[in-house]
Amino acid sequence: MDTLDRLAVARALAAQTIARVIDGRYLDSALVELRSRERAETSQFPLIQELAYGTLRWYHQLAGIARVFVTRPFKQKDSDVRALLLIGLYQLRHMRVPDYAAVDTTVAATDVLKKSWAKGVLNACLRAYLRDTKRAEQAIAASEELTYSHPTWLIHAIQRDHPNDWRRILVANNDRPPMTLRVNTVRITRENYQDALRSQGIAARAHALVDTALVLERPVSVDQLPGFQNGWVSIQDAAAQLAAVWLDAQPHQRVLDACAAPGGKAAHIFERTPLLGELTTLDIDEQRLERTRLNFARLGVTARLAVADAAVPSQWWDGSPYERILLDVPCSASGVIRRHPDIKVRRQPDEISMLSHNQARMLQGVWPCLARGGKLLYATCSILSEENELQVRRFIARHPDAAIESLQPAGPNIGRQILPGNGEMDGFYYACLRKV
């Protein structure tokens, strides 16, 4: 297979992956499935990943540009061809690929998809864009959806909840996120691990706000991280590492992580307080809990794992109260879009109310399991008030035995909302409730 053929295959596989995401698949799982299926193309996987992530990051803008130059919309069965056109535009706008190579390899990929009829359409559209980029820029300038490459409903939601910060949030969502590590200080200090990275030629800086976090100057594969298989370090955003800090578990306490998979926050709780009385981890998804089990084995975490619905304590609770509960609820993930750009394509506005209802159900379910004087840390990776402060306010109104504990530095609002990009962190929300 010559170079042009290999590059065409990479673009075709990326287009098929994007088409699956548009049909509702998670990007991460679609790429895992692709990698296991297309073993012969392993050498091309970094390129496929770049094309898939980048095209989905700029999906709404690229789709708007495509509408300017496509005279007839694609049929549903040709979503892979449409994805291929967006990949071509992504290369022309955001990659250091010569224009002729971007066009030629994208057009050639139609043969790989067995849709050679689309060669003329893609060739004409991509070359029309190159001849008349001014039309594309005019279309972008006329639309917030195209300017910020977010769906209109999500732009409006962020404008409503963050009127002073919405532009900065949308721009941050389109940035490439840093690769941040959590050092297992039971096994090695942050300073010593930073030295170990340096000896391997990997530059990292200490995170200013989280004492276990290191931010890499550029991402690397886990295989390059010293001691990864020995549990010295995990990959975890700095905002997610605040969960264990603010939960503040103490030795000999019973601790519950009610939505644990894949186990990063629970492992960090154990690493900070290895003399816990008991650590219980739940998740409703058995496959995800198996990933948790593997992570715990690598990190040396001792915990009880159970496949169960946190909102139904009769499935898993023995009646003995927990002094600490971490409730990291399923949410819109609107705070981690820069890591998961497929959220902008998959998430729909009517899902927010369903997620909010389930979050309230889980809060209600685990509250009786908390000891008097104990702390429950409510967490989301969302930036939407419906899932965050409004959710907590409604809960407090229904439960006179729930009091808010301030999270330092304290602010005027209930809980702490971290916005994407602030302090090199993802968007997260935390609220600490004490049972009085």
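Residues numbered from 1 in each chain as written. Predicted model: local features only at pLDDT ≥ 70, side-chain atom pairs only at ≥ 80, totals over all residues. Heavy atoms only, no water.

**Quick notes on the overall build of the protein chain**
Logical step 1: When you go through the protein chain residue by residue, the secondary structure sums to 18 helices and 12 strands.
Logical step 2: Principal-axis analysis of the C-alpha atoms gives the protein chain an extent of 70 × 50 × 40 Å.
Logical step 3: Residues classed as buried in the protein chain amount to 56% of the 436 residues present.
Logical step 4: Long-range pairs, those at least 24 residues apart, make up 72% of the contacts in the protein chain between residues at least 6 apart in sequence.
Logical step 5: Entry remark: accessible area of the protein chain is about 19300 Å², with carbon and sulfur atoms responsible for 51%. (Helix = DSSP H or I, 4+ residues; strand = E, 2+ residues; numbered from the N terminus. Buried < 20%, exposed > 50% of the residue type's maximum accessible area, 1.4 Å probe, protein only. Contact = heavy atoms within 4.5 Å. Areas by Shrake-Rupley, 256 points an atom, 1.4 Å probe, with all protein chains shown as cover.)

**Observations regarding the pattern of salt bridges**
Close approach of charged atoms lets side chains of opposite charge pair.
Logical step 1: Under the definition given, this model contains 33 salt bridges.
Logical step 2: Linking Arg168 and Asp165 is a salt bridge whose minimum nitrogen-to-oxygen distance equals 2.8 Å.
Logical step 3: Owing to a relative accessible area of 40%, Arg168 belongs among the partly exposed residues under this scheme.
Logical step 4: A relative accessible area of 25% places Asp165 in the partly exposed class.
Logical step 5: Residue Glu278 is joined to Arg254 by a salt bridge in which the shortest nitrogen-to-oxygen separation is 3.1 Å. You can see Glu278 sitting in strand β6 (residues 278–283) and its partner Arg254 sitting in strand β5 (residues 254–257), a full 24 residues away along the chain.
Logical step 6: Residue Arg254 is classed as buried on the basis of its relative accessible area of 13%.
Logical step 7: A cluster of three or more residues bridged by salt bridges with shared partners is formed by Arg20, Arg25, Glu33 and Arg37. (Salt bridge = Lys/Arg side-chain N within 4 Å of Asp/Glu carboxyl O.)

**Re the packing of helix α2 (residues 27–37) against helix α3 (residues 45–57)**
Logical step 1: Look at α2 against α3: their axes get within 12 Å of each other, and the N-to-C directions meet at 155 degrees. The angle between α2 and α3 places the two elements in the roughly antiparallel class. For the crossing formed where α2 meets α3, the hand is right-handed. Contact with α2, carried on its side by Leu27, Asp28, Leu31, Leu34 and Arg35, involves Phe45, Ile48, Gln49, Ala52, Tyr53 and Leu56 of α3 and no other residues of that element.
Logical step 2: Of the residues assigned to the contact of α2 with α3, the class counts are eight nonpolar, one polar and two charged. (Axes fitted to C-alpha atoms, helices over the stretch in contact; angles between N-to-C directions. Parallel < 35°, antiparallel > 145°, perpendicular 65-115°, else oblique. Left-handed = near helix turned anticlockwise from the far one by under 90°. Nonpolar A, V, L, I, M, F, W, Y, C, P; charged D, E, K, R; others polar.)

In short, geometric facts, not functional conclusions.
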